[in-house]
Amino acid sequence: MNKSLLFLCLLCLPFVSAYSQVSASWQLIENKFTDAAYHRAELVLKNTSGQKLDAGWKLYFNTAFISVPTEAKDPNLVITHLQGDFYVLEGKSQTPALAAGEEFIVEYKSNGPYLKNSYAPEALIFLKSDGSHFEIKDYKVKTFTTDQFAEMTKGTPLPVPTSERIFSNNQGLTVLPESTLPPFLPTPKSWKYTGQTLKVKNAGLAVVGIPEFTEASKFLLQAIKNGYKPKVNAAEAPVQIRIQKTEGLAEEGYKISISDRKVVISATHSKGAFYGVQSFLALMPAEFWAGTSDELSLPQVEIEDFPAYGYRGFFLDVARNFQPKSQILKVLDMMAFYKLNVFHFNLANDEGWRLEIPGLPELVEFGSRRGFSTDESEFLWPYYGSGADPKNSPSGTGYYTVKEFQEILAYAKARNIEVIPELGVPAHSRAAIRAMEKRYHTLLKAGKTTEALQYRLAEDNDPSKYLSAQNFKGNTMCVCQESTYTFYEKLVTEVKSMYQGAGVELKNWHTGGDEVPRGVWTESPVCKDFLAKNPELKVEDLNDYFRSRAAGILKKNGLEMGGWEEIGQTHVGEAVVPNPKFADQNWRLYAWNAVAGWGGEDMAYRLANAGYPVVICSSANFYFDLAYDWDVNERGHTWSGVTDMYQSWKTVPGKLYLSHDLTIEGKNWNWEEVGKNFTQLTAEGRKNIIGVSGQVWTETIKGPEMLEYYIFPKMLGYIERAWVGDPNWSNAKSEAEMKAQRVQDWNVFANIVGQKEIPRLEKIFGGFNHRIPKPGVMVKDEMIYANVQAPGMIIRYTQDGSEPNQNSPAYTQPIPKKGGEKFRVFTPSGRSGPVQELDWEIIRK
């Protein structure tokens, strides 16, 4: 990962960072949820420089949460959308001069309601009339509480998580004895405790495995060395671990038998041996992962296990916001531990290019860097508030060198993880397009016309007008010129070479292929000429033409093609349907667009029935960049609803209509009524559901800690579905029986999380910054009741207005209401979540 490139930028604007010359504040004025929803807000700028700021200044800012266009109330001001989430506030002629101490008020109105405190404009950059600029560091956003938000949304079905609603959601959860719980997550197919856990202290240990399972043996031995630090006592009988071969188990299946100090892990295939090792490690307590224990815990247990799906994926986008190599390796460790076996690695998008490609240095010299400029000529704009300075932008600037990428590949291979690269085309390609335009103009200026045109992705003077789903213009390659395919083949061959150099076989390639904007290519002179020469094609056929060409390049290189669901879809009028043209090509489709209540929830089944291999990626269940809930302080998107651990856990991949209780708007989702019109999988279609994938897009995620907060613990529900498949409760005969059984099964799962997984997540692989939920609180008959989503976590409270800390009393039973109560959830280690402060006017029953 190279975070700064050493070359002189002659056209960049001067950067002023010594002090902020302007302060700013933002507040919401009006928030309308019904009929034509909108919100109004006010941004106040104050000249704190001590001197006059000349007229003609401009204010740049980021937000993905206002409409295009958004109107300023002052007719002399214009809010101009530049690209993506990047805007500029400017004057129709020019903005006025600001005297020292003067305030300047900007009021604007945007379509759509305001949903989160994190949705306010951010990363304000002030451009002075002399061309210098600075980031406004003194910036305050006036926030509001979730209870206030509940008042705003009255009359709508939006399920705002007030303290009382959280309590209601947590009802049915009780602390269960650890001895009644499954031994770990994902839950094994069968297990039986045969005695009390044996605690072994300062005993020697040996791992023996057959040559076929050498890698699993080495992996286990190293993990034990990292966690178990005995001062070996010769009087203690040693622990003996044997990894042996047994015929007849599934490829990824295994058995574990622990009796006294003897551990036997059995498997038929090396993959099964590896997962048997992971399960043995999962039997270790949280303290083991701190690496300082001289004690080893040996649960006396018999386990037999195998997965429901061969494809158990985790998708991570590092293009929109970057993650360092160290975090990628940590993610791979996490995946292996929880038995996920495919890492879908999104390395390029409109907002960034993150992989060095030999022969095309501009991709990283330009496309991996973000910072402020007025013309985006030397690097990309600072999307998602990544900062004005391209040299100091950890989430905006960064890429992986060939060597670093190969290290990632080798690390994944050692953990039984396939890495599938995604370099999305033809849309979502603005970083590549801009980088290749940089190359084009540089070479053209040097008189190298042929080289300049070789990898060009755009064309001159294409007046086609379009705006992508993420509000980008000019983000789609010209599919009517050969240089686009030359570029694509260059990517494929170079990446394939990287895999070969790492000793890893590249089998599958993800083309992206999603969200090609309407209106693209319609006025393209190059495409008009191309269509004139190919009269059998029309402009609406160009998507399929491109897919066919891309598939040909991949086939030539011995690769299987995959892509988001759109590559296997077509339009019949306004309806989106499976495209029969490519159904026999074995293209792997990633079915993602499943917003509850919008009609596409069964698209995965329709595509599978049509003949496509399908990975279920349901946006309403498995998109972990969605906010945990509608709490105004929970970061994340809401375009497909919200997703917490329960939402991902209750997913039923084989009966997707059972995966929801509410639509995105919060309306009741009736299983019986929805089921009547829901596409049913045919026998062949069921075979085509090859697995599931959890996704993290990073528009709202900045840095490793925030990434970890987004995925844990909500991802644990997905991990359970990926290995176990459909939950047992989904097989009950009636809806009432299913829902009753679901409550019981959820209680077991929630207890495993609270008692076992959360303590381990705080230690394993250096620890994860997991989310700790707010407690549920209800007042009834002058008594206060509280509960928590993961039993095993501790609720502490105060009644004097102070914030609960680790020494505050633990809640164990209802307490009398006095007023001023505050509640907070703690983990056994002492980490704590947000404070739940009661608003008596709102929660009183």
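Keep in mind that this is a model prediction, so the values were computed, not measured. (Residues numbered from 1 in each chain as written. Predicted model: local features only at pLDDT ≥ 70, side-chain atom pairs only at ≥ 80, totals over all residues. Heavy atoms only, no water.)

1. What about the sheet that holds strand β32 (residues 794-798)?
Strands belonging to one sheet form pairs held by backbone hydrogen bonds; the direction of such a pair is parallel or antiparallel. Heads up, the rule is: Here, a strand pair is defined by DSSP locating no fewer than two bridges between the strands. Comment: elements are numbered from the N terminus, with helices defined as DSSP H or I runs of at least four residues and strands as E runs of at least two.
Pairing within the open sheet is antiparallel, and its three strands lie in the order β32-β34-β35. Two strands in the sheet have a free side with no partner beyond their single neighbour: β32 and β35 (836-837). Of the pairings in the sheet, the one linking strand β34 (residues 822-826) to β35 comprises two bridges and is antiparallel in character. Of the residues in β35, the one forming a bridge with lysine 822 is glutamate 837.

2. Overview of the state of the cysteines
For the record, the criterion: Cysteine sulfur pairs qualify as disulfides if the two atoms are within 2.5 Å. Residue exposure (1.4 Å probe, protein chains only): buried if accessible area is under 20% of the type maximum, exposed if over 50%, otherwise partly exposed.
Enumeration according to the criterion identifies one disulfide in this entry. Not engaged in a disulfide, the cysteine cysteine 478 finds its nearest cysteine sulfur in cysteine 527; these two sulfurs lie 4.2 Å apart. Exposure remark for cysteine 478: the relative accessible area of 4% places this residue in the buried category.

3. Details of unusual backbone geometry
A cis geometry characterises the amide bond from valine 68 onward to proline 69, with omega recorded as 5°. You can see proline 69 is positioned in the loop between β3 (58-62) and β4 (71-72). Residue proline 186 is reached from leucine 185 by a cis peptide bond, and omega for that bond is -10°. Residue placement: proline 186 occurs in the loop between α2 (163-170) and β11 (190-193).

4. Things to note about helix α5 (residues 325-337)
Our working definition: Expected helix span is computed as 1.5 Å times (number of residues minus one).
With 13 residues, α5 should reach 18 Å at 1.5 Å per residue; the first-to-last C-alpha distance of 19 Å fits that figure. Judged by how many residues are buried, α5 sits mostly within the fold: 11 of 13 residues are covered.

5. Quick look at the pattern of salt bridges
Cut-off, in case you're wondering: Just to be clear on terms, a salt bridge is a Lys or Arg side-chain nitrogen sitting within 4 Å of an Asp or Glu carboxyl oxygen.
Taken as a whole and assessed by the stated rule, the structure comprises 43 salt bridges. Note that arginine 549 is salt-bridged to glutamate 482, the shortest N-O span being 2.9 Å. Of this pair, arginine 549 sits in helix α12 (residues 542-556) while glutamate 482 sits in helix α10 (residues 482-501); the two residues are 67 residues apart in sequence, bridging distant segments of the chain. Residue classification places arginine 549 among the partly exposed positions, given a relative accessible area of 25%. Across the pair arginine 771 and aspartate 629 runs a salt bridge, and its minimum N-O distance is 3.5 Å. In this pair, arginine 771 is assigned in the loop between α20 (735-761) and β30 (776-780) and aspartate 629 in the loop between α14 (619-622) and α15 (645-649), connecting sequence segments 142 residues apart. Each member of the pair, arginine 771 together with aspartate 629, is buried. Among the charged side chains, a network of salt bridges with common partners joins Glu30, Arg40, Lys73 and Glu107.

6. A look at helix α11 (residues 525-533)
Where we set the bar: Within this analysis, the arc is defined by the directions that extend from the helix axis to the C-beta atoms. By the convention used here, residues are in contact when the closest approach between their heavy atoms is within 4.5 Å.
Within the sequence span of α11, burial applies to Cys527, Phe530 and Leu531. Down the axis of α11, the buried set is contained in an arc of 95°. They therefore lie on one face. Exposed and oriented more than 90 degrees from the buried face of α11 are Ala532 and Lys533. Tucked inside the fold, the buried residues of α11 contact α12.

7. Notes on the sheet that holds strand β14 (residues 239-245)
Going by this rule: Between N-to-C directions, angles span 0 to 180 degrees; the directions come from axes that are lines fitted to C-alpha atoms, helices contributing only their stretch in contact.
What the six strands build is an open sheet, ordered β11-β18-β15-β16-β14-β13; its pairing is mixed. Looking at strand neighbours, the two that pair on one side only are β11 and β13 (205-209), the edges of this open sheet. Shown here is a sheet whose adjacent strand axes are inclined to one another by a mean of 5°, direction ignored. Here β11 runs beside strand β18 (residues 301-305); their pairing, made up of four bridges, is antiparallel. Across the sheet, the residue bridging to tyrosine 193 is valine 301, located in β18. Across the sheet, helix α3 (residues 214-227) is in contact with β13, β14 and β16 (262-267); its angle to β13 comes to roughly 165°.

8. Quick notes on the nonpolar core
Rules: The set of buried Ala, Val, Leu, Ile, Met, Phe, Trp, Tyr and Cys residues whose side-chain atoms join them within 4.5 Å is what this entry labels a nonpolar core.
Core analysis: the largest hydrophobic core is formed by 195 residues, its most contacted members being Phe280, Phe343, Trp353 and Phe487. By size, the runner-up hydrophobic cluster in this structure holds 40 residues, among which are Val22, Ala72, Leu98 and Ile136.

9. Notes on the confidence of the model for the chain
To keep it simple, the criterion reads: pLDDT is defined as a per-residue confidence score from the predictor, taking values between 0 and 100.
On average, residues of the chain score 95 in pLDDT, and 97% of them reach the 70 mark or higher. Predicted confidence for residues 1-18 stays below pLDDT 50, and this span has 46 contacts to residues more than four positions away or in other chains. Segment residues 840-845: pLDDT under 50, and 15 contacts once partners within four positions in sequence are set aside and those in other chains are kept.

10. Concerning the pairing of strand β8 (residues 122-127)
As paired strands, β3 and β8 are joined by four bridges and run antiparallel to one another. Directly across from asparagine 62, in β8, lies its bridge partner glutamate 122. Pairing of β8 with strand β9 (residues 133-135), which is carried by three bridges, proceeds in the antiparallel orientation. Of the residues in β9, the one forming a bridge with isoleucine 125 is glutamate 135.

11. Notes on the packing of aromatic side chains
Note the threshold: Within 6.5 Å between ring centres, the rings of Phe, Tyr and Trp (the latter by its six-membered ring) count as paired, and their orientation is classed by plane angle as stacked under 30 degrees, edge-to-face over 60, tilted in between. Definition used: whenever NZ (Lys) or CZ (Arg) falls within 6 Å of the ring centre and also within 35 degrees of the ring normal, the charge is taken to sit over that ring.
Evaluation of the coordinates by the stated rule reveals 56 aromatic pairs. Look at tyrosine 311 and tyrosine 590: their rings are 5.9 Å apart centre to centre, the planes differ by 75°, and that puts the pair in the edge-to-face class. Here tyrosine 311, found in strand β19 (residues 311-317), pairs with tyrosine 590, found in strand β27 (residues 588-591); they are 279 residues apart in sequence, far enough to count as distant. Overall, tyrosine 311 belongs to the buried group, its relative accessible area being 4%. With 5.0 Å between their ring centres and 85° between their planes, phenylalanine 337 and tyrosine 338 make a pair best called edge-to-face. With respect to class, phenylalanine 337 is no different from tyrosine 338; both count as buried. By the ring-pair criterion, three or more aromatic residues cluster together here, those being Trp26, Phe33, Phe65, Tyr114, Tyr119, Phe144 and Phe149. Lying over the aromatic face of tryptophan 723, lysine 339 brings its terminal NZ or CZ to 5.6 Å of the ring centre.

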